[in-house]
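# Close look at the chain arrangement
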Amino acid sequence: MSRERPELAVWMVGALGDIATTVVTGAGAISRGLATERGLVTALPEFQGLDLAPLDRIVTGGHDVRDASPVECARLLAREAQLFPESFVEATREDLEAHGKRIRPGVAFGCGTVVSSLEGGAARARRAAGPRAALAVLRADLRAFREETGVERLVLVHIASTEPKPPELEELATEEGARSLVERGDARVPASVLYALAACDERVPYVNFTPCLGSAAPGLQEAFLRAGVCHMGRDGKTGETLLRSALAPLFLSRNLSVLSWAGFNILGNRDGQVLEEPRANAAKTTGKERVLTSILGDNLGSALTRIDYVPSIGDWKTAWDHVHFEGFLGMRGTLQLTWRAADSSLAAPLVLDLVRLADLASRRGKKGLLPGLACFFKDPTGVEEHALSRQFDSLLSFARELR
Ligand SMILES: NC(=O)c1ccc[n+]([C@@H]2O[C@H](COP(=O)([O-])OP(=O)(O)OC[C@H]3O[C@@H](n4cnc5c(N)ncnc54)[C@H](O)[C@@H]3O)[C@@H](O)[C@H]2O)c1
């Protein structure tokens, strides 16, 4: 994305991760005519004619706690995970290098032991200065990004490692409480909340693609609304949960009762390694299960969701779901399904969709939560509707509003 006249600057928290790397390589490859827009929801006919930022007018940068080269990250994804041809890395080298030059050290409060073990020296120093200083420096990075790129329109997307479920902090119930936690340097405030506050305070639309708390606490929602900034999260719906939200309504509409729904996921990338930590794992499985309990209600006997780390399969997440159901005269049947796909290739186009839509929503004066984007998330903040087709209808009406 060597953009001569960039329109939109995208700040990725987790800028060296697999999703971020696939976003930069993917947008660069599409811009050069090497790949199509397959996989992007905003490339569907229903979104044509919307004033969305073209992919070749997007520039990127971001925060990460590791030190690495985006070109090397992309090469690994091409060679080892085989997410795209290796020739794409050379073709988009300019974009990957420009992205690398705009990566600043992130902060890792409450991110768990795996992330701490990845932290580079500069990130560690920022953490040592405490949350209050961290918020100031994150905000300064966003301002510098705006200045360096000369682009007025920014969106921040959180795609960093999943944080362990944070402790209950009642202060996060109000904006005043949340700010007092940061002011007094309480290191229990998770990093994702600091990034969300930085976006809010710099008037940057914010998207949380992870299960991390981010902008979801009531105090943060209040802050975004008061600042007149739009935001939405959490946790991208890309694989097994996408299937669940499409299939669970089927049982309801045929009056079949679901006796049990069990799902087993294995993955081998860094995300999988981070999810080995029990509290990070719990943060992820909670959202996956909420989709079922919310759609099926009393019509669900029991649910089980597991995620395990199997290094050899890398990014190629595999999920098996076993649904045991009961129908007419007590007939008991099963539905079993297998899903295998490269996680980052599912996620990256949705990240591009979300930043384009959040940017347009912001230009159309939207403030606070963006419920119209619920179909992109496992646990959409402020939205009770989980059935995919109804969520998609609401995305289409949102797109009509943005026209
Ligand atoms: N791939 C999918 O389909 C999918 C779907 C939904 C949600 N997610 C979530 O998206 C996130 C990213 O996934 P990924 O596969 O790219 O993971 P990844 O491990 O490849 O990348 C995460 C990056 O975040 C960095 N990081 C960790 N803590 C940070 C912090 N506090 N500040 C700045 N950087 C930090 C890490 O160093 C790493 O480079 C994960 O939380 C994952 O659960 C992924």
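Calculation rules
Residues numbered from 1 in each chain as written. Predicted model: local features only at pLDDT ≥ 70, side-chain atom pairs only at ≥ 80, totals over all residues. Heavy atoms only, no water. Domains from an automatic or database assignment. Contact = heavy atoms within 4.5 Å. Buried area = accessible area lost by both parts, 1.4 Å probe. Salt bridge = Lys/Arg side-chain N within 4 Å of Asp/Glu carboxyl O. Phe/Tyr/Trp six-rings, centres within 6.5 Å; stacked < 30°, edge-to-face > 60°. Helix = DSSP H or I, 4+ residues; strand = E, 2+ residues; numbered from the N terminus. Buried < 20%, exposed > 50% of the residue type's maximum accessible area, 1.4 Å probe, protein only. Near = heavy atom within 4 Å. Polar contact = N/O pair within 3.5 Å; in protein donor to acceptor, adjacent residues only side chain to side chain. Areas by Shrake-Rupley, 256 points an atom, 1.4 Å probe, with all protein chains shown as cover. Nonpolar A, V, L, I, M, F, W, Y, C, P; charged D, E, K, R; others polar. Pairing = 2+ DSSP bridges. Axes fitted to C-alpha atoms, helices over the stretch in contact; angles between N-to-C directions. Lys, Arg positive; Asp, Glu negative; His and termini not counted. Disulfide = S-S within 2.5 Å. Patch = residues over 30% accessible without salt bridge, like charges linked within 9 Å, V, L, I, M, F, W, Y side chains within 5 Å. Expected span 1.5 Å × (residues − 1). Right-handed = clockwise from strand over helix to strand, strands pointing away.

## As for the domain arrangement of the protein
Parsing the protein into structural domains produces domain 1 (8–236 + 345–402) and domain 2 (240–342). At the junction of the two partners, domain 1 supplies 26 residues and domain 2 supplies 29 residues. Across the domain 1 to domain 2 interface the summed buried area is about 2300 Å²; carbon plus sulfur atoms make up 58%. Interface area lost by domain 1 to domain 2 is led by Lys-165, Lys-378 and His-386, which between them contribute 26%. On the surface where domain 1 and domain 2 come into contact, there are one salt bridge.

## Topic: the pattern of salt bridges
Under the definition given, this model contains 36 salt bridges. Among the ionic contacts, a cluster of salt bridges with common partners joins Arg-139, Arg-143, Glu-175, Arg-179, Asp-201, Glu-202 and Arg-226.

## A look at the packing of aromatic side chains
The tally for this structure, following the rule as stated, stands at four aromatic pairs. With a centroid separation of 5.4 Å and an interplanar angle of 55°, the aromatic rings of Phe-251 and Phe-325 are classed as tilted. Residue Phe-251 is found in helix α11 (residues 240–253), and its partner Phe-325 is found in strand β9 (residues 316–326); the two are separated by 74 residues along the sequence. Of the two residues, Phe-251 and Phe-325, both sit in the buried class.

## Some words on the site of the ligand
Asp-64, Val-107, Ala-160, Tyr-195 and Arg-270 are the nearest of the 31 residues found near the ligand. Asp-271 places a polar side-chain atom, nitrogen or oxygen, 3.1 Å from an oxygen atom of the ligand. Coverage of the ligand by the protein amounts to 99% of the 840 Å² it exposes when considered alone. Each residue belonging to the shell around the ligand can be placed in one class, and the counts come to 14 nonpolar, eight polar and nine charged. Residue-level mapping places the shell around the ligand at the junction of two domains, with at least three residues from each of domain 1 (8–236 + 345–402) and domain 2 (240–342).

## Side note on the sheet that holds strand β7 (residues 257–267)
Strand order in the open sheet formed by four strands is β8-β7-β9-β10, with mixed pairing between adjacent strands. Of all strands in the sheet, those bounded by a partner on one side alone are β8 (300–309) and β10 (332–342). Recorded for the sheet is a direction-independent mean angle of 10° between the axes of neighbouring strands. Against the sheet, helix α13 (residues 278–296) contacts β7 and β8, and its axis sits at roughly 155° relative to β8.

## With respect to the side chain of Glu-277
Structurally, the position occupied by Glu-277 is in the loop between α12 (270–274) and α13. Buried charge Glu-277 goes without a salt bridge, the closest partner of opposite sign being Arg-279 at 5.5 Å. Once you skip the residues sitting within four places of it in the chain, Glu-277 turns out to touch Gly-112, Thr-113, Val-114 and Pro-164.

## Regarding the state of the cysteines
Under the defined criterion, the tally for this structure stands at zero disulfides. Not part of a disulfide, Cys-212 finds its nearest cysteine sulfur in Cys-111, a span of 7.0 Å. In this model Cys-375 remains outside any disulfide bridge; the closest cysteine sulfur is found in Cys-230, 16 Å from its own.

## What to know about a nonpolar patch on the surface
Taken together, Phe-264, Leu-304 and Trp-320 make up a surface patch of nonpolar side chains, about 270 Å² in accessible area. Within the secondary structure, Trp-320 is located in strand β9.

## A look at the pairing of strand β4 (residues 153–158)
By the criterion of burial, β4 is predominantly enclosed, with five of the six residues buried. Judged from the six bridges that link them, strand β1 (residues 8–13) and β4 form a sheet pairing that is parallel. Residue pairing across strands places Met-12 opposite Val-157, the latter belonging to β4. Pairing analysis gives three bridges linking β4 to strand β5 (residues 206–208), with the strands arranged parallel.

## Thoughts on the sheet that holds β5
Overall, parallel pairing links the seven strands, which are arranged β3-β2-β1-β4-β5-β6-β11 in an open sheet. Among the strands making up the open sheet, the edge pair consists of β3 (103–105) and β11 (368–369). Sheet contacts for helix α4 (residues 93–101): β1, β2 (58–64) and β3; angle to β3, the most-contacted strand, approximately 30°. Sheet strands touched by helix α14 (residues 343–363): β1, β2, β4, β5 and β6 (230–233). Its angle to β4, the strand with the most contacts, is close to 135°.

## Notes on the environment of Ser-245
Inspection of the secondary structure assignment puts Ser-245 in helix α11. For Ser-245, a relative accessible area of 1% translates into the label buried. Through-space distance from the C-alpha of Ser-245 to that of Val-291 is 6.4 Å; in sequence the pair is 46 residues apart. Here Ser-245 is in contact with Lys-237, Val-291, Ile-295, His-386, Ala-387 and Leu-388, once residues within four sequence places are set aside. Side-chain polar atoms of Ser-245 contact the backbone oxygen of Leu-242, separated by 3.0 Å.

## A closer look at helix α15 (residues 388–402)
Taking 1.5 Å of rise per residue, the 15 residues of α15 would be expected to cover 21 Å, and the 21 Å separating its terminal C-alpha atoms lies within 8% of that figure. Those residues of α15 that are buried are in contact with α14.

## Quick notes on the pairing of β6
Of the two faces of β6, both are covered, the one formed by Cys-230 and Met-232 as well as the one formed by His-231 and Gly-233. Across three bridges, β5 lies against β6 in parallel orientation. Looking at the pairing, Val-207 lines up with Met-232 of β6. Chirality of the crossover, the property in question, places the unit of β5, helix α10 (residues 218–227) and β6 among those that are right-handed. Summarising the sheet, β6 and β11 pair through two bridges and their orientation is parallel. The residue of β11 that forms the bridge with His-231 is Leu-369.

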